[in-house]
Each structure stands twice: as structure tokens, then as C-alpha cells.
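Descriptive structure summary
Each chain is listed here by its residues.
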2 protein chains.
Amino acid sequence: MKTRDRILVTSLALFNEEGEAHTTTIDIANELDISPGNLYYHFKGKDEIIGELFQQYELALSDTLAAPLEGPLGTDPSQVEDNWFYLYVVLEEMWQYRFLYHNLDDLQQRYPAIRKGFRRLLQLQRSALLAICHKLLEQAVIDTDDDQLLSLVDNMTLVLTFWLSYDQLLHAPRSPHIVIHQGVLQLLTMVAPYLGDAQLTFYRDCQAIFEGMIASPEKPEPQH
Amino acid sequence: MKTRDRILVTSLALFNEEGEAHTTTIDIANELDISPGNLYYHFKGKDEIIGELFQQYELALSDTLAAPLEGPLGTDPSQVEDNWFYLYVVLEEMWQYRFLYHNLDDLQQRYPAIRKGFRRLLQLQRSALLAICHKLLEQAVIDTDDDQLLSLVDNMTLVLTFWLSYDQLLHAPRSPHIVIHQGVLQLLTMVAPYLGDAQLTFYRDCQAIFEGMIASPEKPEPQH
């Protein structure tokens, strides 16, 4: 791997584990066993590293978020799981760049360059969730007006955005697998009351699976 | 007002407006036109000020959050508005100490003394919201199991906790009146699909009132 890429990978790991505010460029250079001058040759400070990491993240997540906009995910009851897997992928990508979600406000203030990009991502999340909700609700008994649907989508976007922070506030550290699965379940909980019978059955299955995970957190994690 | 109290009031105002991280004890002393030494005589640094402000906040909010635990709020359809007013009061108290909610993770890390208190408040919020949901759902058609209800309450707690941050991420600054009202509406949106007809009518009324507020943000704010 090129030094430039190694710097990015190591920075991301340190930011995620130690918090961005507690990581200096010196820490990054030390971790890589390179001189600060060598690091500086590639990046003129933390700003540039964070800007680059954010670009990587925006590119990856935008791509994922575009999926339900380009074509509906599984909408008939037999494919309703597609939405679960989809949300799982979204949350997993967020987990990989989780330092961005802890101290969101502070980061945006200190690095104004990523503020616009972040707002773009937030809007894209809303559009993706709206597309999913529209499709899911089309086939179920709908008792909602458009405003209520938009409020629902805002709530889902909010839960998605702050789930990792909320989990950290409430619990001792848990395995990413459990944190991400519960995040997906929390999102599905919000659409559950609007779902038809077949889809509600799927929701109950997800609940049961998650309860099993909580009960036996030791079992090996599936490959993904 | 005693100097000690003036320091607290001014600190709170500066933290809310400028952000806690961007406010030093020197800034606070300057704003009050007192010497740093005078400030230091009352508080041995920002830690102590923040600890004291958090205690004030925890005391006030705990009191409010206890209400639905001690006795149910308006549960028959004619009193369902009580829940709206109640949530409004909760969000207004949060607004008054909003610096705590921006950079939540960072604050908790830098001031471990408030971490426990914050978790206590979070649990109390969950209990209060659970009590409200229980009462509301008792009289409506319920199609939810206990796990789903707990997930719902977690989602509501999360939306309550991060609403102010989310609003700031998404919008240019808006009047507190609108921000708080929309927060209440977002919370009610989550219980809406579980509500009976009479309560749903009330929810629609709230939506209409809020749309009116958005349409004419200039009109004078009611006294509260």
C-alpha cells in the first residue's frame, strides 16, 4: 500500500478508536512509524486528511443511497428482507466512518469544508428513506397523509444519523454486529405500524433474530 | 443577583450561543466585566461551572420528567393535548441548556462527572415516554407487542435527545418557537399510527397549527 493510503487508513482507525479531537498528526505518524515530515509531505495537516476521508465516505455512501432511488428494493412481501439488508449496508458504512458521527456539530464547525457535503448526504438519506417508505406503504393499508410521511422520514433520518451516538450514551461498548442490527430494527420499528400482515410477520422475525443475538452475544459473527 | 449566580447565567448564555468549546473562563469574566481572579474565587475553572449548570438542569428536568410517572397525563381524548403541552415543556427545558446537546459525546468525554447524570436523565426520559405511550395506547386500537413498544420508546428518546442537533444540521437557524414545536410534532408522529380516531384528529390539528407557523414565521410569539 502506498504511504498516502496507509496514512488515510491509519487516521481513520485512530479517529474511530480514540476520537478525532484526541488524535494529532504526530499520533498518526507515530502509529505508522514514519516521520512527521513524511506525513506532512502527503497531507498538510489534519484538515486535509479529514477532508479526504470525508470524500471517500461521501462517495461510498452516496452510491449506496442511490440504490432505492434508481429502482425499488424488494417490495413484494417475499422480498421485504431486501430492505433490511439494504439498511444494514448503510449502517455498516456509517460504522466504518463513525468518528464523523460522534461530535457531529463540533466537527462541522471546525471543518466547514465538510458541512455542505454532510448536508448533501443527509438529504440523500431522506430521499432514499422516502423512496423505501413510499414503496412499502403502497401495498399496505395506508393511513397517513403526505406531511405525516415526511415527518416519519425525518424521524428515520434522525435515528439513522444519531443511532451510533445514542447507543454509546446508553450502553457499555457492544459488538458492532449487535449495534448495527439494533439500528436496523429501530428503523423498521418506525415503519412497522404502517405495514401489512406479511411484512409485519417479517418484522417480528427480525425482532426474534435480534433477541437471539442479544441472548448469545458470544457466537461467531457471520462473514459480511 | 449574586456574582456567583451571574457567572452561571452568563456562562449558560455564552455556551448556548458560542458553543462550550469556544468559550473560556476569560470570555466569561470579560462578558461580566469582572476580573478572572474574581471568577476564580467562585469557580475553580470551567469544569466546576459546567458541573453546576448540569446539576441545575438535571434537577429541573428530572422534576418535569417525573410528572407522567406520578400520575397519567390527559388520557381521555378531550385531554390528549396535555401530552403536547408536556412535551413542549420538556423540549423547552432542553432548549435552555442546549449547549449540552451539541457535541454530546465530546462533552461527556471531557467532563466525566456529568456522564452518569446524563445517563440517568436519559433513562428517566425513556420511563416518562413509556408511561405516556402506555396510557395513550391503552384506549386506542393496539397492534403492538412489548418489544415493539420499547423500540418505539427508544426511538422517541433518541429523537428527543438529538432533535436540536438534527435541526441545526439541516436548516439555517430558525426561531426556537418553531424548532420546539416541530420537535413535539416529530415525537407525536411516532405515536400517531397507534392512535385512535379522536387522538388522530388532534394530531392532524397539531400538524395544521405547525404548518401555519411555518407559513407565517413573523407573527409575534405567544407568551410562555
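Predicted model only: the values in this text are computed from it and were never measured.

1. A short note on the overall build of chain A
In terms of helices and strands, chain A carries 10 helices and zero strands. From first element to last, N terminus to C terminus, chain A shows the α and β order α-α-α-α-α-α-α-α-α-α. Sequence-distant contacts in chain A: of pairs separated by 6 or more residues, those separated by 24 or more amount to 72%. Carbon and sulfur atoms form 53% of the exposed surface of chain A, whose accessible area is close to 10,300 Å².

2. Some details on the packing of aromatic side chains
Remark: the centre distance and the inter-plane angle together describe each pair of aromatic rings, the angle taken between the planes. Counted according to the given criterion, the structure contains 15 aromatic pairs over all chains. Geometrically, the ring pair formed by Tyr-57 of chain B and Tyr-97 of chain B is tilted, given 4.9 Å between the ring centres and 40° between the ring planes. Of the two residues, Tyr-57 of chain B is situated in helix H4 (residues 46-70) and Tyr-97 of chain B in the loop between helix H5 (81-96) and helix H6 (104-110); the sequence distance between them amounts to 40 residues. Across the pair, exposure class does not vary: Tyr-57 of chain B and Tyr-97 of chain B are buried alike. An aromatic cluster is present here, built from Phe-54, Tyr-57, Tyr-97, Tyr-101 and Phe-118 of chain A joined pairwise through their rings. For the cation-ring pair, Lys-44 of chain B lies above Tyr-40 of chain B, with the distance from its terminal atom to the ring centre recorded as 5.8 Å.

3. Focus: the interface of chain A and chain B
Listed as interface residues are 46 residues of chain A and, on the opposing side, 46 residues of chain B. At the boundary of chain A and chain B, one finds zero salt bridges. Counting across the chain A and chain B interface gives 16 residue pairs in polar contact (both at pLDDT 80 or more). Only helix H6 (104-110), helix H7 (113-139), helix H8 (146-170), helix H9 (176-191) and helix H10 (197-215) of chain A provide two or more residues apiece to the side of chain A that touches chain B. Per-element tally for the side of chain A that touches chain B: the top contributor is H8 of chain A, with 16 residues.

Rules and cut-offs
- Residues numbered from 1 in each chain as written.
- Chains lettered and ligands numbered in written order.
- Predicted model: local features only at pLDDT ≥ 70, side-chain atom pairs only at ≥ 80, totals over all residues.
- Heavy atoms only, no water.
- Helix = DSSP H or I, 4+ residues; strand = E, 2+ residues; numbered from the N terminus.
- Contact = heavy atoms within 4.5 Å.
- Areas by Shrake-Rupley, 256 points an atom, 1.4 Å probe, with all protein chains shown as cover.
- Phe/Tyr/Trp six-rings, centres within 6.5 Å; stacked < 30°, edge-to-face > 60°.
- Buried < 20%, exposed > 50% of the residue type's maximum accessible area, 1.4 Å probe, protein only.
- Lys NZ or Arg CZ within 6 Å of the ring centre and 35° of its normal.
- Salt bridge = Lys/Arg side-chain N within 4 Å of Asp/Glu carboxyl O.
- Polar contact = N/O pair within 3.5 Å; in protein donor to acceptor, adjacent residues only side chain to side chain.

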